[in-house]
2 protein chains.
Amino acid sequence: RICAELDSLFGTGVLAGLSVLISAGPTREPIDPVRYISNRSSGKMGYALAEAAARAGAKVSLVTGPTALKVPNVQELSRVETAEDMYHCVMSKVSSANIYIGAAAVADYCPETAANRKIKKNRPEMVLTLRKTRDILSAVSGSAERPFTVGFAAETDQLEDYARQKLAAKSLDLVAANWVGRGQGGFENDDNALFVCWNGGHTYLPLASKTALAEQLIRLIAERYHAQNSAQNSR
Amino acid sequence: RICAELDSLFGTGVLAGLSVLISAGPTREPIDPVRYISNRSSGKMGYALAEAAARAGAKVSLVTGPTALKVPNVQELSRVETAEDMYHCVMSKVSSANIYIGAAAVADYCPETAANRKIKKNRPEMVLTLRKTRDILSAVSGSAERPFTVGFAAETDQLEDYARQKLAAKSLDLVAANWVGRGQGGFENDDNALFVCWNGGHTYLPLASKTALAEQLIRLIAERYHAQNSAQNSR
């Protein structure tokens, strides 16, 4: 802890001098003033990454959906609720970030319209039409001053395939993927295990506490970031 | 605090010797292993009622949906997730309860089928068919050894009307109703204000902390319970 603070103080952390923008937690998509659609993200992984990035010397800006977690020790904290809110908040900050880590579990679909009044339950059935939300990761990786862009994937099957597909489809620099519902940690757990891939490589980070895993992932992200930047600078 | 504990110890609390079953918090209705539908209940009012009922000398059994709250000081705590889980848990305990307080914000609708695998977001639109969940309050008030049954209502408009309708439609003994989204407390807030009605009467409990309000509501419930029971006994 003292070492980490000294590192950051004297600029020797692996992310010293860099700005890292992190999204965390779930989003909530209102059906009406009372009901909403959400997902099982606790925000723990994103918050652990924010703490680890700060310890590695980065200036961290955290954009978070609703969570029950203690506010982490970061430069800037923004609270948002919906995927649309998160999109606008992230995009307003992306041009000053060197690295973006999209650890939030952004709702993929939201109700087409949210009712202003509580919907009364007169009918035995209700049909909810959902539309796709904006794709924050693709917007970040496609932005003019594109940061090093890290995405997450949580899958119930074909983890490695989906992670590789996501890396390519969204032009990401790195994807960290975890299983859902296999006793391998992930959503709502304190532990997690990750498959991490990038262009030209991959690695497995075995089951560990989210704090320990966040440290390892931040080190890996710093490594890939510096490798890419020195390659670009020497071109 | 000490007085309350002495009251309960010597059986002079207003609910001394009675068993109170309380449901609290939201329920979560899975769309797939990751996504769910829920609502904005924090569980605070139900937990405050559980604490207040225990202080009033009752044996309290709390059935709770997922919340981020500290476990309250009660006899028995059961954690559930879906409306269906809550229905079975409550119904298994109802015959031994003198009073049932349905403070949970049970989802009225759940997805007709929950997918076993994470739904991939290939389509720009998604149609979700929801069906009504079981009505726990009506099941409790219609059960053979019916306890004194208290319901809650949270409404964005016509609060008093809806509360009266709910009292009649579900054969309840008392309904406590609060506004949603009017700066009058309620969901996710520490404060709340209530309109309370029963057959032949009503009252308003003005904006106060949920702890203070829970004390007042428990006193009111005890009063109505004892009034009803002495009336029945003297018939």
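Predicted model only: the values in this text are computed from it and were never measured.

Visitor: How would you sum up the overall build of chain A? Please name residues and give values.
Guide: Each helix and strand counted, chain A has 6 helices and 12 strands in total. Expected size for 235 residues packed as a compact globule is a radius of gyration near 18 Å; at 18 Å, chain A falls within 12% of this value. Principal-axis analysis of the C-alpha atoms places the extent of chain A at approximately 65 × 35 × 35 Å. Scored against the burial criterion, the 235 residues of chain A give a buried share of 54%. Considering only intrachain contacts with a sequence separation of at least 6, the fraction spanning at least 24 residues in chain A is 62%. Accessible surface, chain A: about 10,500 Å² in total, of which carbon and sulfur atoms supply 48%. On chain A, the mean spot of the 27 positive side-chain charges and the mean spot of the 24 negative ones are 4 Å from each other.

Visitor: Now, about the relation of the copies chain A and chain B: what can you tell me, with residues and values included?
Guide: For these two chains of identical sequence, chain A goes onto chain B by a turn of 180 degrees and a shift of 0.0 Å along the axis, with RMSD 0.0 Å. Given the turn and translation reported, the copies of this chain are related as if by a two-fold rotation axis. No C-alpha of chain A approaches the rotation axis more nearly than that of A:Ile37, which lies at 2.2 Å.

Visitor: An account of the interface of chain A and chain B is requested, with residue identities and associated values reported.
Guide: The partner chain B presents 40 residues to the 40 residues of chain A that form the contact. Carbon and sulfur atoms supply 47% of the area buried between chain A and chain B, which totals about 3,900 Å² over both sides. If you sort the residues of chain A by the area they bury against chain B, A:Arg40, A:Tyr109 and A:Lys121 come out on top, with a joint share of 17%. In this assembly, chain A and chain B are joined by 6 salt bridges.

Visitor: How would you summarise the environment of A:Val90 if you had to cite specific residues and measurements?
Guide: Residue and element names in this part refer to chain A. Checked against the element boundaries, Val 90 lands in helix H3 (residues 83-93). Separated by 26 residues in the primary sequence, Val 90 and Thr 64 place their C-alpha atoms 10.0 Å from one another. Aside from chain neighbours lying at most four places away, what touches Val 90 is Leu 21, Val 63, Tyr 100, Ile 136 and Val 140.

Visitor: Describe the packing of aromatic side chains, with residues and values.
Guide: Counted under the stated rule, the structure contains 4 aromatic pairs over all chains. Pairing B:Phe195 with B:Tyr204 gives two aromatic rings, centres 5.1 Å apart and planes at 50 degrees, and the pair type is tilted. The buried category is assigned to B:Phe195, whose relative accessible area is 3%. Between A:Arg134 and the ring centre of A:Tyr87, over which it is positioned, the NZ or CZ distance is 4.2 Å.

Visitor: Describe the pairing of strand S9 (residues 148-155) of chain B, with residues and values.
Guide: All names here are of chain B. Most of S9 sits inside the fold, with 8 of its 8 residues counted as buried. Alignment of S9 against strand S10 (residues 174-179), held across 6 bridges, turns out to be parallel. Bridging from a neighbouring strand, Val 150 pairs with Leu 174 of S10.

Visitor: Tell me what's going on with the pairing of strand S10 (residues 174-179) of chain A, and back it up with residues and numbers.
Guide: Every other side chain in a regular strand lies on the same face of the sheet, so the side chains alternate between the two faces. Residue and element names in this part refer to chain A. Counting buried positions along S10 yields 6 of 6 residues, so the element is predominantly enclosed. Covered by surrounding structure in S10 are Leu 174, Ala 176 and Asn 178 together with Val 175, Ala 177 and Trp 179, the residues of both alternating faces. A crossover connection joins strand S9 (residues 148-155) to the parallel S10 through helix H5 (residues 159-169); in handedness this β-α-β unit is right-handed. Two strands pair when backbone bridges link them, and S10 and strand S11 (residues 191-198) are joined in this way by 3 bridges, in the antiparallel orientation. Counted as the bridge partner of Ala 177 is Phe 195 from S11.

Visitor: I'd love a proper account of H5(A), names of residues and values included.
Guide: Residues and elements named next belong to chain A. Listed in full, the buried residues belonging to H5 are Leu 159, Tyr 162, Ala 163, Lys 166 and Leu 167. Down the axis, H5 shows its buried residues gathered within 140 degrees of arc, on one side only. Opposite the packed face of H5, turned more than 90 degrees from it, sit the exposed residues Ala 168 and Ala 169. Check the buried side of H5 and you find it contacts helix H4 (136-141), S9, S10 and S11.

Visitor: Mind laying out the sheet that holds strand S5 (residues 76-79) of chain A, listing which residues take part and the relevant values?
Guide: All names here are of chain A. With mixed pairing, the 8 strands of this open sheet are ordered in space as S5-S4-S1-S6-S9-S10-S11-S12. Edge positions in the sheet fall to S5 and strand S12 (201-209), since each has one partner strand and no second. Averaged over all pairs of adjacent strands, the angle between strand axes in this sheet comes to 15 degrees, irrespective of strand direction. In the packing of H3 onto the sheet, contacts are made with strand S1 (19-24), strand S4 (59-64), S5 and strand S6 (99-102), and the angle to S4 comes to roughly 165 degrees. Taken strand by strand, H5 contacts S9, S10, S11 and S12, and its axis lies near 155 degrees from that of S10.

Visitor: A description of H3(A) should follow, citing residues and the corresponding values.
Guide: For an α-helix the count is 3.6 residues per turn, leaving residues at separations of three or four pointing the same way. Those residues of H3(A) not exposed but buried are A:Ala83, A:Met86, A:Tyr87, A:Cys89, A:Val90 and A:Lys93. On its buried face, H3(A) is in contact with S1, strand S2 (29-30), S4, S5, S6 and H4 of chain A.

Visitor: Now, about the pattern of salt bridges: what can you tell me, with residues and values included?
Guide: Across all of its chains, the model carries 18 salt bridges over all chains by this definition. One salt bridge connects A:Arg134 with A:Glu84, and the closest N-O pair in it is separated by 2.8 Å. On the criterion of sequence distance, the pair formed by A:Arg134 in the loop between strand S8 (125-132) and H4 and A:Glu84 in helix H3 is long-range, its members being 50 residues apart. With a shortest N-O distance of 2.7 Å, B:Arg146 and B:Asp173 are connected by a salt bridge. One end of the pair, B:Arg146, is in the loop between helix H4 (136-141) and S9; the other, B:Asp173, is in the loop between helix H5 (159-169) and S10, with 27 residues separating them in the sequence. The buried category is assigned to B:Asp173, whose relative accessible area is 11%.

Visitor: Give a detailed account of the sheet that holds strand S11 (residues 191-198) of chain B, specifying residues and quantitative values.
Guide: Backbone hydrogen bonds hold the strands of a sheet together, and the pairing may be parallel or antiparallel. Residue and element names in this part refer to chain B. In spatial order, the strands read S5-S4-S1-S6-S9-S10-S11-S12; together these 8 strands make up an open sheet with mixed pairing. At either end of the open sheet lies a strand with only one pairing partner, and these are strand S5 (76-79) and strand S12 (201-209). The average angle at which neighbouring strand axes cross in this sheet is 15 degrees, direction not considered. The sheet strands contacting helix H3 (residues 83-93) are strand S1 (19-24), strand S4 (59-64), S5 and strand S6 (99-102), and the helix crosses S4 at an angle near 165 degrees.

The rules behind these values
- Residues numbered from 1 in each chain as written.
- Chains lettered and ligands numbered in written order.
- Predicted model: local features only at pLDDT ≥ 70, side-chain atom pairs only at ≥ 80, totals over all residues.
- Heavy atoms only, no water.
- Helix = DSSP H or I, 4+ residues; strand = E, 2+ residues; numbered from the N terminus.
- Rg over C-alpha atoms; globule rule 2.2 N^0.38 Å.
- Buried < 20%, exposed > 50% of the residue type's maximum accessible area, 1.4 Å probe, protein only.
- Contact = heavy atoms within 4.5 Å.
- Areas by Shrake-Rupley, 256 points an atom, 1.4 Å probe, with all protein chains shown as cover.
- Lys, Arg positive; Asp, Glu negative; His and termini not counted.
- Charge placed at Lys NZ, Arg CZ, Asp CG, Glu CD.
- Least-squares fit on C-alpha atoms with pLDDT ≥ 70 in both.
- Buried area = accessible area lost by both parts, 1.4 Å probe.
- Salt bridge = Lys/Arg side-chain N within 4 Å of Asp/Glu carboxyl O.
- Phe/Tyr/Trp six-rings, centres within 6.5 Å; stacked < 30°, edge-to-face > 60°.
- Lys NZ or Arg CZ within 6 Å of the ring centre and 35° of its normal.
- Pairing = 2+ DSSP bridges.
- Right-handed = clockwise from strand over helix to strand, strands pointing away.
- Arc of directions from axis to C-beta.
- Axes fitted to C-alpha atoms, helices over the stretch in contact; angles between N-to-C directions.

Functional significance is not addressed by these values, which are geometric in nature.
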